[in-house]
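A look at the structure
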There are 2 protein chains.
Amino acid sequence: MRRTIFYVSDGTGITAETIGHSVLTQFDSVEFDTYRIPFVDGEDKARAATVRIRTAYAQSGARPIVVNTIMDQKLSDIVAESGALMLDVFAPFIGPLEAELGTMRSPRVGKAHGLTDFTEYEARINATNYALSHDDGIDVNYGDADVILVGVSRVGKTPTCLYMALHYGVRAANYPLTEEDLERLELPRRLLPYRSRLYGLTIEPQRLAQVRQARRPGSRYAELKQCRWELGQADKLFRRDAIPVQNTTHTSIEEIASKILAELGIEKHMF
Amino acid sequence: MRRTIFYVSDGTGITAETIGHSVLTQFDSVEFDTYRIPFVDGEDKARAATVRIRTAYAQSGARPIVVNTIMDQKLSDIVAESGALMLDVFAPFIGPLEAELGTMRSPRVGKAHGLTDFTEYEARINATNYALSHDDGIDVNYGDADVILVGVSRVGKTPTCLYMALHYGVRAANYPLTEEDLERLELPRRLLPYRSRLYGLTIEPQRLAQVRQARRPGSRYAELKQCRWELGQADKLFRRDAIPVQNTTHTSIEEIASKILAELGIEKHMF
């Protein structure tokens, strides 16, 4: 069974896609073809979306499903004329919230999705630049890091740092353990003042070897034996210094990042 | 008026936070204190969350609001005992979808939020590494780029590339326009074969000067006059070569990225 999903939004469509994906994964006997229709912020665009959805309906014969985050009810009504099953993300919340808060909502198109202020934008850009310039462990001052990821090469430090920076505005540095650190079983002295902000990443040796093979085929660096040794030493080091550690093998970047923030008690938010 | 919001989830809490934020921005007369309670995937954790929420209730006197993305109804019921206003994100969708698809959902905790397969994880990591290694315009092969961002220094190319890579697995390169390009009003020859994948970024001169001042105070590079000249030349170049262009001054990274993908017709998805 196949069904077509449209994520329709007056903004980027990220909210619609996030929630739609979460719900659709609960129906794993169905295959979904998914399409984004973002920036539906006027009647002309709503009508264009309606035509597109109705065409998909005619072509497949199966009723499309719309995950809808348009705030303006008038525009949602136009999209509903497509005959699709409408799943309104915000509508069920508005009534209960208005009752609870004792105030009416003040609808503003786009406000929910983007158009943020400079301060927040700048915090994220600055955090991203910070992650980029605190990525190699060389000549780095860790004093103003919110978190310092520690681990062997290719364990996932850089993408995780960038994600935390871009999403949460967290200043995330990383320190790649060197062969010397691993042999001595000691962290470099300049990390010690920041022990409470250190967080270790590890991974299954087979997986690490696979990732490294893709990068430097046939190298000692990519040998399973080498990977196993490095990870074993790193784990000893994390245990001895009581550094919290997370295995990234079966985990998405979002989940790794979210767990780190939860464990270190960093309450920065996406917005 | 202040109210406390808890984003409660059996996964990362990103879905709860995304949708909660969207709805709460509609109530701008209220101040919200927001907290994440992620990874509530067992009864003990649900009870711990309940205690925390109930404590907040007792301290503030105002009923807390829970934006809930726990899939397991039994765990949600435990959290509801806190007395908070429960806003269930998924619950309103499940019934209509089961009816529409003619099948029951197959609930799996965590499935909706993280724990993705290697292929998708790898696509995003590879795209991130691609963005990192195609960032400076020097000695870069643009052949396998999905999109190439073009613009003057500090216009937002790097964060946008990284966001597209991390979120959508899109291979995004960037080309920083040099003073020579701007004087000659010509793109470098090696970009020309990929004209359909070029996308320009621009920004208001005052804003650019401000960003550059923070980076290199007092430099010619940061002077308003210099910024104005560079942006003017870049805009001429974009117009002449019919390169689509977006002004990033008042736009969030999500929105910039989403618009680029929509305009270039790139249908990659987050999941």
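Computed from a predicted structure; not experimentally measured.

**Here we look at the overall build of chain A**
Helix and strand counts for chain A stand at ten helices and eight strands. Compactness check: chain A gives a C-alpha radius of gyration of 24 Å against a globular reference of 18 Å for 271 residues, more than 25% above the reference. Principal-axis analysis of the C-alpha atoms places the extent of chain A at approximately 70 × 45 × 30 Å. Taken over 271 residues, chain A has a buried fraction of 58%. If you take every contact in chain A between residues at least 6 apart in sequence, the share linking residues at least 24 apart comes to 73%. Counting every atom, chain A has about 11,200 Å² of accessible surface; 50% of that belongs to carbon and sulfur. Of the side chains in chain A, 33 bear a positive and 36 a negative charge, and the two mean positions are spaced by 4 Å.

**Details of the packing of aromatic side chains**
Under the criterion given, the structure shown has four aromatic pairs over all chains. Their ring planes at 65° and their centres at 6.4 Å tell us that Tyr-163 of chain A and Tyr-168 of chain A sit as a pair that is edge-to-face. The positively charged end of Arg-212 of chain B is found above the aromatic ring belonging to Tyr-221 of chain B, 4.3 Å away from the centroid. Its guanidinium or amino end placed over the ring of Phe-39 of chain A, Lys-259 of chain B lies 4.9 Å from that ring's centre, counting from NZ or CZ.

**Describing the relation of the copies chain B and chain A**
Laying chain B over chain A is done by rotating through 180° and shifting 0.0 Å along the axis; what remains is an RMSD of 0.1 Å. On the angle and the small slide along the axis, the relation comes out as a two-fold axis. Here 100% of the interface residues in chain B have copies in chain A that are interface residues too; the copies meet face to matching face.

**Some details on the pairing of strand S1 (residues 2–8) of chain B**
Residue and element names in this part refer to chain B. With six of seven residues buried, S1 lies mostly within the body of the structure. Handedness of the crossover joining S1 and strand S2 (residues 31–37) through helix H1 (residues 14–24) is recorded here as right-handed. As defined by bridge partners, S1 adjoins strand S3 (residues 65–68) across four bridges and the pair is classed as parallel. If you follow Tyr-7 over to S3, its bridge partner there is Val-67.

**A look at the interface of chain B and chain A**
Across the boundary between the two partners, chain B contributes 90 residues, which contact 90 residues of chain A. Regarding the contact of chain B and chain A, the summed buried area is about 8,400 Å², with carbon and sulfur atoms giving 64% of it. Among the residues of chain B in contact with chain A, Gln-26, Arg-36 and Phe-93 of chain B are the three that bury the most area, contributing 9% of the side total. Here Arg-3 of chain A makes a salt bridge to Glu-100 of chain B, at a shortest N to O gap of 2.4 Å. For the interface between chain B and chain A, the tally reads 17 residue pairs in polar contact (both at pLDDT 80 or more). Among the elements that take part in the side of chain B that touches chain A, H1 of chain B stands out by supplying nine residues, more than any other. Classifying every residue of the side of chain B that touches chain A by side-chain character gives 45 nonpolar, 24 polar and 21 charged.

**Some words on the UniProt feature "binding site: ADP" (unreviewed entry) in chain A**
Residues and elements named next belong to chain A. On the UniProt side, "binding site: ADP" (unreviewed entry) is annotated at positions that read Gly-151, Val-152, Ser-153, Arg-154, Val-155, Gly-156, Lys-157 and Thr-158 here. Among all residues touching Val-152, those that are not within four sequence positions of it are Lys-157, Leu-177, Leu-182, Leu-208, Arg-212, Glu-230, Leu-231 and Ala-234. Tracing the sequence through the fold places Thr-158 in helix H6 (residues 157–168).

**Focus: the sheet that holds strand S1 (residues 2–8) of chain A**
Residue and element names in this part refer to chain A. If you walk across this open sheet you meet the four strands as S2-S1-S3-S4, and the pairing is parallel. Taken across any chain shown, the strands that pair with only one partner, and hence form the sheet edges, are strand S2 (31–37) and strand S4 (85–88). Shown here is a sheet whose adjacent strand axes are inclined to one another by a mean of 20°, direction ignored. Here strand S3 (residues 65–68) runs beside S4; their pairing, made up of four bridges, is parallel. Each residue of the ladder has a partner; that of Val-66, found in S4, is Met-86. Together, S1, S2 and S3 form the strand contacts of helix H1 (residues 14–24), whose direction differs from that of S1 by roughly 155°. Together, S1, S2 and S3 form the strand contacts of helix H2 (residues 43–60), whose direction differs from that of S2 by roughly 160°.

**Comments concerning the sheet that holds strand S4 (residues 85–88) of chain B**
Spatial ordering of the open sheet is given by S2-S1-S3-S4 (chain B), a layout of four strands whose pairing is parallel. The open sheet has two edge strands with one neighbour each: S2 and S4 of chain B. Averaged over all pairs of adjacent strands, the angle between strand axes in this sheet comes to 20°, irrespective of strand direction. Looking at chain direction, S1 of chain B and S2 of chain B are connected through seven bridges and run parallel. Directly across from Arg-2 of chain B, in S2 of chain B, lies its bridge partner Glu-31 of chain B. Along the sheet, helix H4 (residues 91–101) of chain A contacts S1, S2, S3 and S4 of chain B; its crossing angle with S4 of chain B, the most-contacted strand, is approximately 165°.

**A few points about unusual backbone geometry**
With a phi close to 75°, Arg-154 of chain A is a non-glycine residue in the positive phi region. Looking at the secondary structure, you find Arg-154 of chain A in the loop between strand S5 (147–151) and H6.

**Let's talk about the environment of Thr-248 of chain B**
Residue and element names in this part refer to chain B. The topology assignment puts Thr-248 in the loop between strand S8 (245–247) and helix H10 (253–264). Taking the C-alpha atoms as reference points, Thr-248 and Glu-204, separated by 44 residues in sequence, lie 8.1 Å from one another. With near-sequence residues (within four places) excluded, Thr-248 lies in contact with Val-155, Leu-201, Thr-202, Ile-203 and Ile-256. Engagement of the side chain of Thr-248 in a polar contact is seen with the backbone oxygen of Val-155, the distance being 3.2 Å.

**Overview of the pairing of S3 of chain B**
The side-chain alternation of S3 of chain B yields two buried faces, one formed by Ile-65 and Val-67 of chain B and the other by Val-66 and Asn-68 of chain B. With respect to chirality, the unit in which S3 of chain B leads through helix H3 (residues 73–80) of chain B into the neighbouring parallel S4 of chain B is right-handed.

**Quick look at the environment of Ile-243 of chain A**
Residues and elements named next belong to chain A. Tracing the backbone through its elements, the reader meets Ile-243 in the loop between helix H9 (224–240) and strand S8 (245–247). When its relative accessible area of 6% is taken as the criterion, Ile-243 is described as buried. In the structure, Ile-243 is positioned 47 residues away from Ser-196 in sequence and 8.1 Å away in space, judged by C-alpha atoms. Not counting residues up to four positions away in its chain, the partners in contact with Ile-243 are Leu-187, Leu-198, Tyr-199, Gly-200 and Phe-238.

Cut-offs used in this document
- Residues take numbers from 1 onward in each chain, read along the sequence in its written order.
- The lettering of chains begins at A and the numbering of ligands begins at 1, in the order of writing.
- Local features in a predicted model are, by the rule used here, given only for residues with pLDDT of at least 70; side-chain atom pairs are given and counted only at 80 or more, and totals for whole chains, interfaces and linings are based on all residues.
- Side-chain numbers come from the whole structure's heavy atoms, not from hydrogens or water.
- Here a helix means four or more residues in a row that DSSP labels H or I, a strand means two or more in a row labelled E, and each is numbered from the N terminus.
- Values of the radius of gyration come from C-alpha atoms, whereas the globule rule sets the reference at 2.2 Å times the count of residues to the power 0.38.
- Residue exposure (1.4 Å probe, protein chains only): buried if accessible area is under 20% of the type maximum, exposed if over 50%, otherwise partly exposed.
- We call two residues in contact whenever any of their non-hydrogen atoms come within 4.5 Å of each other.
- Surface accessibility in these figures is a Shrake-Rupley result with a 1.4 Å probe; residues are shielded only by whichever protein chains are displayed.
- In this tally Asp and Glu are treated as negative and Lys and Arg as positive; neither His nor the chain ends contributes.
- Where a charge lies is defined by one atom per residue type, namely NZ (Lys), CZ (Arg), CG (Asp) and CD (Glu).
- Under the pairing criterion, centres of Phe, Tyr and Trp rings, with the six-membered ring standing for Trp, must be within 6.5 Å; the plane angle then separates stacked pairs below 30 degrees from edge-to-face pairs above 60, leaving the rest tilted.
- Throughout this description, the term charge over a ring refers to an Arg CZ or Lys NZ atom that lies within 6 Å of the ring centre and within 35 degrees of the ring normal.
- We superpose the copies by least squares over the C-alpha atoms of residues that have a pLDDT of at least 70 in both of them.
- If the strands point away from the viewer and the path from the first strand over the helix to the second runs clockwise, then the crossover is right-handed.
- Here, strands pair whenever DSSP counts at least two bridges between them.
- Put simply, buried area is the surface a 1.4 Å probe can reach on two separate parts but cannot reach once they are joined, added for both.
- Salt bridges are identified by distance alone: a Lys or Arg side-chain nitrogen within 4 Å of an Asp or Glu carboxyl oxygen.
- Within 3.5 Å is the distance limit for a polar contact, defined as a pair of N or O atoms, with the added protein rule that one can donate a hydrogen and the other accept it, and that residues adjacent in sequence qualify only through two side-chain atoms.
- Residue polarity follows a fixed list, in which Ala, Val, Leu, Ile, Met, Phe, Trp, Tyr, Cys and Pro are nonpolar, Asp, Glu, Lys and Arg are charged, and the others, Gly among them, are polar.
- UniProt positions are given in the numbering used here, feature names are shortened, and annotations may be inferred rather than shown by experiment.
- Fitted lines through C-alpha atoms give the axes, limited to the stretch in contact for helices. The angle between two N-to-C directions lies from 0 to 180 degrees.

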